[in-house]
Structure formats: C-alpha cells, structure tokens
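Each chain is listed here by its residues.
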Amino acid sequence: MLGKLTLDAIPFHSPIVMFANILMVGTGLLIAGLITYHGKWRYLYEEWFKTVDHKKIGIMYIIFALIFLVRGFVDAMMVRTQQATAGPGADGYLPAEHFAELFTGHGTMMIFFMAMPFLVGLMNIVIPTQIGARDVSFPFLNSLSFWLTAVAGALVMVSLMVGQFSTGGWTGYPPYTELPYNPSTGVDYWIWALQLSGIATTLTGVNFLVTIMKKRAPGMTLMRMPMFVWTSLCTNILMVLSFPVLTVVLALLALDRTVGTHFFTGAMGGDQMMYINMFWMWGHPEVYILVLPAFGVFSEITATYCNKRLFGYTSMVWATMAIAFLSFTVWAHHFFTMGQDSTRNAAFGIATMVIAIPTGVKIYDWMWTMFRGRIEFKLPMLYLLGFLITFTMGGMSGVLLAIPGADFKFHNSLYLVAHFHNVLIPGTMFGLLAGFYYWFPKSFGFTLDEKWGRRAFWGWLVGFYVAFVPLYMLGMMGMPRRMFTYDNPAWQPWLIVAFIGALIVLFGIFSMFMQIYVSIRDREKNRDITGDPWGGRTLEWSTSSPPPEYNFAVIPTVRDRDSFMDMKIQGDAYTRPGEYDDIHMPKSTAAGFVIAMISFVFGFAFIWHIWWLVGASLLAIITAVILRASSDDYDYWIPADEVERIENNRHDQLQASGVFEHIKTLEDFGDERPPLTSTGAPVSAS
Amino acid sequence: MSTNLVGPAAVKANARADTEVNFGFWIYLMSDVIIFAMLFVAYLNLSGRTAGGPTPQELFELPLVFAETMALLLSSLTFGLAMIAMHAGHRQRVLAWLGVTFVLGTSFISMELYEFTHLIGEGAGPQRSAFLSSFFALVGTHGLHVTAGLIWIAVMTGQIASKGLTGPVASRMARLSLFWHFLDLIWIAVFSTVYLAGVTQ
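None of these values were measured; they are calculated from a predicted model.

Engineer: What's the story with the overall build of chain A in this structure? I'm lost.
Structural biologist: Looking only at helices and strands, chain A features 19 helices and 2 strands. By the compact-globule yardstick of 26 Å for 686 residues, chain A fits well, its C-alpha radius of gyration being 26 Å. Its C-alpha atoms put chain A at 75 × 55 × 45 Å along the principal axes. For chain A, with 686 residues in total, the buried portion stands at 60%. Long-range contacts, defined as pairs at least 24 residues apart, comprise 83% of the intrachain contacts of chain A with a sequence gap of at least 6. Total accessible area computed for chain A in this model is approximately 26100 Å², and 69% of it derives from carbon and sulfur atoms. Each charge class in chain A was averaged separately, 43 positive and 48 negative side chains, and the resulting centres sit 4 Å apart.

Engineer: When you look at the packing of aromatic side chains in this model, what are you seeing that I'm missing?
Structural biologist: Each pair of aromatic rings is reported with the distance of its centres and the angle of its planes. Scanning all chains against the criterion turns up 78 aromatic pairs over all chains. Taken together, a centroid distance of 5.3 Å and an interplanar angle of 85 degrees make the contact between Phe 279 of chain A and Trp 280 of chain A edge-to-face. Each member of the pair Phe 279 of chain A and Trp 280 of chain A is classed as buried. Note that Lys 214 of chain A overlies the ring of Phe 23 of chain B, its terminal NZ or CZ placed 5.1 Å from the centroid. The ring of Phe 140 of chain A has Arg 628 of chain A sitting right over it, with the charged end atom 4.3 Å from the ring centre.

Engineer: What's the story with the confidence of the model for chain A in this structure? I'm lost.
Structural biologist: Atom-level detail of predicted coordinates should not be read off regions where pLDDT is low. Across chain A, the average pLDDT comes to 93, with 96% of residues at or above 70. Across residues 673-686 of chain A, confidence stays below pLDDT 50; counting only partners more than four residues off in sequence or on other chains, it has 19 contacts.

Engineer: Is there a simple way to think about the packing of helix 14 (residues 450-476) of chain A against helix 15 (residues 492-521) of chain A in this case?
Structural biologist: To describe two helices that pack against each other, one gives the angle between their axes and the distance between the axes. All names here are of chain A. For the pair helix 14 and helix 15, interaxial distance at closest approach is 7 Å and the crossing angle is 160 degrees. The angle between helix 14 and helix 15 places the two elements in the roughly antiparallel class. In the packing of helix 14 onto helix 15, the handedness of the crossing is left-handed. Its residues placed into classes, the contact of helix 14 with helix 15 shows 25 nonpolar, 7 polar and 1 charged.

Engineer: It is not clear to me how the nonpolar core should be interpreted in this structure. Could you clarify?
Structural biologist: Burial of nonpolar side chains together is a common tendency in soluble globular proteins. If you look at the biggest cluster of nonpolar residues, it comprises 263 residues, and the most contacted ones within it are Trp 190 and Trp 460 of chain A together with Phe 135 and Met 173 of chain B. One finds Tyr 550, Ala 553, Met 585 and Val 643 of chain A within the second-largest nonpolar core, a separate group that totals 8 residues.

How each quantity is defined
Residues numbered from 1 in each chain as written. Chains lettered and ligands numbered in written order. Predicted model: local features only at pLDDT ≥ 70, side-chain atom pairs only at ≥ 80, totals over all residues. Heavy atoms only, no water. Helix = DSSP H or I, 4+ residues; strand = E, 2+ residues; numbered from the N terminus. Rg over C-alpha atoms; globule rule 2.2 N^0.38 Å. Buried < 20%, exposed > 50% of the residue type's maximum accessible area, 1.4 Å probe, protein only. Contact = heavy atoms within 4.5 Å. Areas by Shrake-Rupley, 256 points an atom, 1.4 Å probe, with all protein chains shown as cover. Lys, Arg positive; Asp, Glu negative; His and termini not counted. Charge placed at Lys NZ, Arg CZ, Asp CG, Glu CD. Phe/Tyr/Trp six-rings, centres within 6.5 Å; stacked < 30°, edge-to-face > 60°. Lys NZ or Arg CZ within 6 Å of the ring centre and 35° of its normal. pLDDT = per-residue confidence, 0-100. Axes fitted to C-alpha atoms, helices over the stretch in contact; angles between N-to-C directions. Parallel < 35°, antiparallel > 145°, perpendicular 65-115°, else oblique. Left-handed = near helix turned anticlockwise from the far one by under 90°. Nonpolar A, V, L, I, M, F, W, Y, C, P; charged D, E, K, R; others polar. Core = buried A, V, L, I, M, F, W, Y, C linked by side-chain atoms within 4.5 Å.

Dropping the structure here:
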C-alpha cells in the first residue's frame, strides 16, 4: 500500500537531522500559525497562490530563493565545520553518509533552488516592464513554472524528514547512483526534485523567449533592447536547448533505477561515460544560464550609476551571443581525465579558452562605461567592482583548468571547487544581490537600507577570499574535494582559515536579512514616490513603484536605446495621456498551483514506489491540464475609467512630490554627450 | 478570447494572438526535438551493445513496421483534411476526419504495443541489454507522444462537438496539427535509424 515507505524512513537515529527537522517543522508551524492568527489564508490564496501577475510571481521566486540560500548555506557551514575539525586522528562530528548528503544538498540547492529561482525571479520582475509589456506571453505557464519549482524544492525539504537525500554529489555520476550501490531513496529524491524544477525551467525558457520576441513595445528593435533583456534572451535560448537534455539524462537514470534498464549501469553494455557526457551537455550551458543574467544586471547598473550610456552596446550583444553559442562546445572539459585522445582534449581545451575572449570584451565594456562617467557609489557599484576583480581572477584560474595537461593535476581537487565558487559567487551571486538592491524599490516602492547592505557586501567579499583562497592552496597541495576526513596535518590550518571565511560570509548573509528587516521597518522614510529612484534609463522606471497591475496605462513608443532617459530629455516622460482605453489582462487561476501540488504527490509516490498513487496522481494531472486547456475563461478587461482613476492618482502624486523639478533636460548634461538617435545624429532639443 | 465568432471569421479574428501562442508552441517543439535528439544519441551509442543478446537484425520485422509507418503517415494526411474542412467551416467533416485520424493513430499504437509485448515475451525486454534499453526508450517515448496526441484529438473532438469551431478551438487545432505532423517527422527518423539501419546492418 505504501510502497517502500515505512516508519524507519524517519531518521530517528540521527540527532542532528532530527534537530534540523524539529527546527524546520517548528518554523513552518509558526508561520502557518501567524497566518491563521491574522486570518490571511484567503488573502494568500487569492492574491498570491492564484496570481498570474509576473510581478508577484517574481517576488515569490525571490523569497523562495532566499529561503534556499539559507538552507544551502547551512549545509556549506556544516561541510566547513566538519573539514576544519576532522583532521588527522579526529573524525569530526558527522558520519560520512551525512557529510555526503550535505555536499550533495549544498550544490543541488544553491544551483537549482537558489540561483535559478533568483534569476528567474529577477527576469519576471524586470523583463515585461523593461520591454513595455503588460505581462509575459503565457501568464498561466509562468505560475505553473513557479509552483513546479516550489514543489521541487519541497521534495528536497521532505527528504530531510522522510528518508534521506542523495549522497552522489550534485552531479550524481553513475555507477555510484545506480540501484546496486545506492538502494536508498536519496538518489530518487534528487532525480525527481531536479526533474520537476527542470521542466519548470524549460517552460520558463519558452515563456520568456516568446515574451521578448513578441511583446516588445513599438519602436523597440532588437538592438534597442536593454542589456538585461539581451542577456536574458540568450539565457532563455540556452534553457530551451539545454534543459531537455537534463530531462532525458535524469529520466534514463530513473529508468535504470526503477525498471532495471542498462543505460549507465556498466553491466549488459551500459555506458557510464554517456551519462557524464550528457550531463555536461546540459551542465555547461547551465553555467552560462546562471551567469548571463548577472552580466545583464551589471550592464544596467553600470550605465545607471555612471550616468552614462553603456559603452560598446553592440560588442556586448555579440559577446553575449558568442558566449551562448560557445557554451555548447566545451562540455568535455569537465572530464579531460576520462580517457579520450589528446586531440579531442585539445579541441575542448581551446574552445574553453576562447570563451575568455567575449567575457573579456564585457569586462572592458563595463570599465569603459565607468571611464569619465559620473559614478554614484551606491551599493550595486560596490558589487560591480568586487565582481570585476574577483571574477577576473576566477576566469584566469578557469583558463588554467582548461589546459588538459594541468587539469590532470587539478581534476576533482579543491582547486576546482575554489575555481567554480570564484566565478559563481562574484558572477552570479553578486549580480543577483546587486539586482536585488537595484530593482527592490520597483517592486515595493521603497529603497533598501544602504548601511546594512554595505556590511553584507563586505561580508560576502572578504568572506569569499578568506574561504576560497585556502581551497586553491589545498588543491595545489593535492587535497581532493568531498573528503569527510583526512590524515595530512598540513591541510588542517588552511581548512580552519576557510571555516573562518565561511563565518565572515555568514555575517554577510545575516547583514542581508538585517538590511531587509531594517528597510521594511523604515519604509516610510525610504518611500519612493517617483518610481524612478536612481535616475533610470530604461522603461521599467517610467511606471510607478510598484507598477499597477497593467504596468503601462498606455504602451510607450520607443525611440532610443535608453528609452526612458530619452523621454526624460525630450520632456515627454511624464505627460498625461488624453484618454485611456480598456486594458486586456489575464485572469488569476488556481490551475498552476493545483497541478504543481499534484506533481508533488506524483514525485513523492514515485520516489517511494507507491504505484497506485503514481497512477492516480498522473491521471489527476492529465485531467487538470485538459480542464485548463479547454477553458475559454482566461482573461478580463480593466475598464478605462478604472485606469484613468489610478493614473490620475499617480500623476497628482508626482505633481505634489516636485519630481518634475529634478528631471534632467538636455541642458543638464553638460559635457556628457547627449544620447544619439539610431542614425547617430544628436537629438535636437525640440 | 472574448470573441465567440464561428467559422472562418473566428480564425481570422484570432490570427494576431495566435502568432504569439503558435510561436511559443514552435519553441516548445524545438525543446522536444532536443529530447528526441538525446534519445537518438543514446540509441546510436548503445545499439551495438547487445551484451550477447539478440541483435537488431534478429528482432526487427519490417512488414509490421511498414504497416505502422503507413498508419501514421496516413493519419497525417487525414489530419490535414480535417484542417482544410475546419478552414472551410464544415464542422461535421472536421469531426469525421478527426475520427479517422484517431482510428489510424490508435492502430499505430496497438501495433507498437503488440511489437513491444512480443519482444518482451521473446526475452528481448528493456532489461536484456543496453541496446534494448535504448530501443525501448526511444520508440517508447515516441509512442507516449502519439498517445498524448490521441488524448488531445479526443479532447478537441469533444470541444468541437460542444463549442463548435470557435476562435479558441480553431487556434488549438492549429497547434494540434503542428504536434501531429511533428510526430510523423520523428517517426521517419526512427524508422530510418532504428529499423531500416537495424535490418541492413
């Protein structure tokens, strides 16, 4: 009746896990209790669970990502604590099995449930407003993607309480992850969590690709798109082309484990290396899926806070496209030691080094944007500077790893761990945090606290160096990754330093949450009425903060690359339209939420081999999809009167705030070159 | 859509919104192409690894596969006829052609199921060797897609019968048509790389 599920699945034998469970369930009950106490369930369900509004879905994505940032970081702290204490003659405080779950969980959560939802959240909040659209192309699909990601994360959480998580590392290489070596449900939790979130990501990719191609405001040609839209476009192309590969490779591994096929078993003709090839055919583009949106964020903030057009826009676009293309040509550099001939290794090594060229182009573009700009040193600029220096170092260590000969020395050592943290933390994490600060006022109407933000930045930056430079050293001293104990006394001091680094990052994360808390507490003081707190250059700053449900009462017409700056200079950024039309909007629906919840049951039942429930939930999913797909009731109109009321309200508020006195005009630009029209001629001040 | 026009007018009225949804569906199909591409790669890599078990030459029977192929190709033709009838606004004829398509698709799936059970009965199931694992995965995934298409045809038949040829219904038919022809294309690749190449090896 319950498949493999028995009471033994609850880990009573492990006090640490039980403590974590009590903490997690306790927090969950506390939050549920507070919601019940304030009578907010209906509000949550109607306004958030059912929403198809990209702005709200984006906020939910980022809250979800922050929760998993904490969970992933707890795992990292435990790994660091173990390695700092488990020196020669000491075993540390963790059993080997639990340690393996921790490094697997850390990698899986940070990539799939922290970085990915965070960047998809930013895309949700920013892209429709940056291209002058009222929502994404497929709002229901957007809600489904979010909830599928959420239940995939929930599966990871549940693995802590019922059964265990995978011990196979975030890459899950067979044959170790095959049934004979790994009969517990850990690997199955890993497979189904990734499978559900992977499908969600493919759907997100389709959705945003179409949104960007089809929903841009009139006049916004491809080469007038804001840089964040460009990098997101490339990310979405990569998502659509690479995530199906992950879907296949996970499905085949699941078949091996449940049906008894021989894709990767190594027996009966099965080919383990095929898994590793396929995994990285997805895995390497994934690296660029993570980093390209962050490049876009940095491009936006550099232009805004330097009060200057982005330098080398065209080269930036081509560099982004080049990186997206090249990302599919380098996957074998993850296993130079696999045994293929040296010609093949050389080809992949060269392709890898070639990626450094477009990336270098971008670095120079950001530096030249700062050159002779009027730089405002807001928090995102600190992240940008930290990124430029740290990321360049990480890139250089990557070029070193791309040399197959050198890689034989560094493969699977802590040098590799140091390298990819050295690109992902400044590249992805700093970019996401900078974007979080930059667009937070757009979502909530007040700015974030600068002081705690700076503390968070220094915690992240200093903590990163203290935590990861020792890992480079250890890698060169020959320490492999993922060791739960070791007997070389020379390693321990470095591991203790790395542990201290992790503590400094902990301070950074603590400051980040303090920043959010302090900002919400002082929100009236930091209120932004204009909708444009930074002197923005792109369309999202032209609406109110938070934007009305329909984003734009009248769809703007774009004349220039930095279109909102162009409107401000030309003096028509805040003109009241003469009349309004009815606005066509997508309707909220519970379908995405419901389908995702049943998918959770499906995943859980599959993991525990509860076959009747697998069948029942699959049937329920199909029925729900058919019902949704047959419904003709998915839209409604906001009447023009209502739009007019909201817009007049905003214009009155703007008038009262005195914002118009601060708008830049052509004369204010002094020696800065005024924006150019598409033909290259200076705009007249008519 | 708020408009509930009927027939050709509806098709036209929804043309603009359609381009966006159709474009999205094309992108989805491209992601599906990647799924099949990976399964083909797995098959090409593993088809020689028979682990002492039966080889493609010993297993595949071209007459059955020929019948399957004819059923599926014909179903593409009949679906095309359904689309022509839809653009002409002939509801009954659309339903009739959809019915024929459904029967042809079902016969394809029945033949495939017969082949699968036959193979498993002979001891050539997916657990026998890496070659057979990849064969069942590739052909089975195509079969699952056809099954999904059959469910979709049934749903659309129900919608046309109950709602008529409204704008949204016509728009959904356009995408079902893309999907159905796409499955034909994949089958031609399966037919050539798996069966034809298998017996001539």
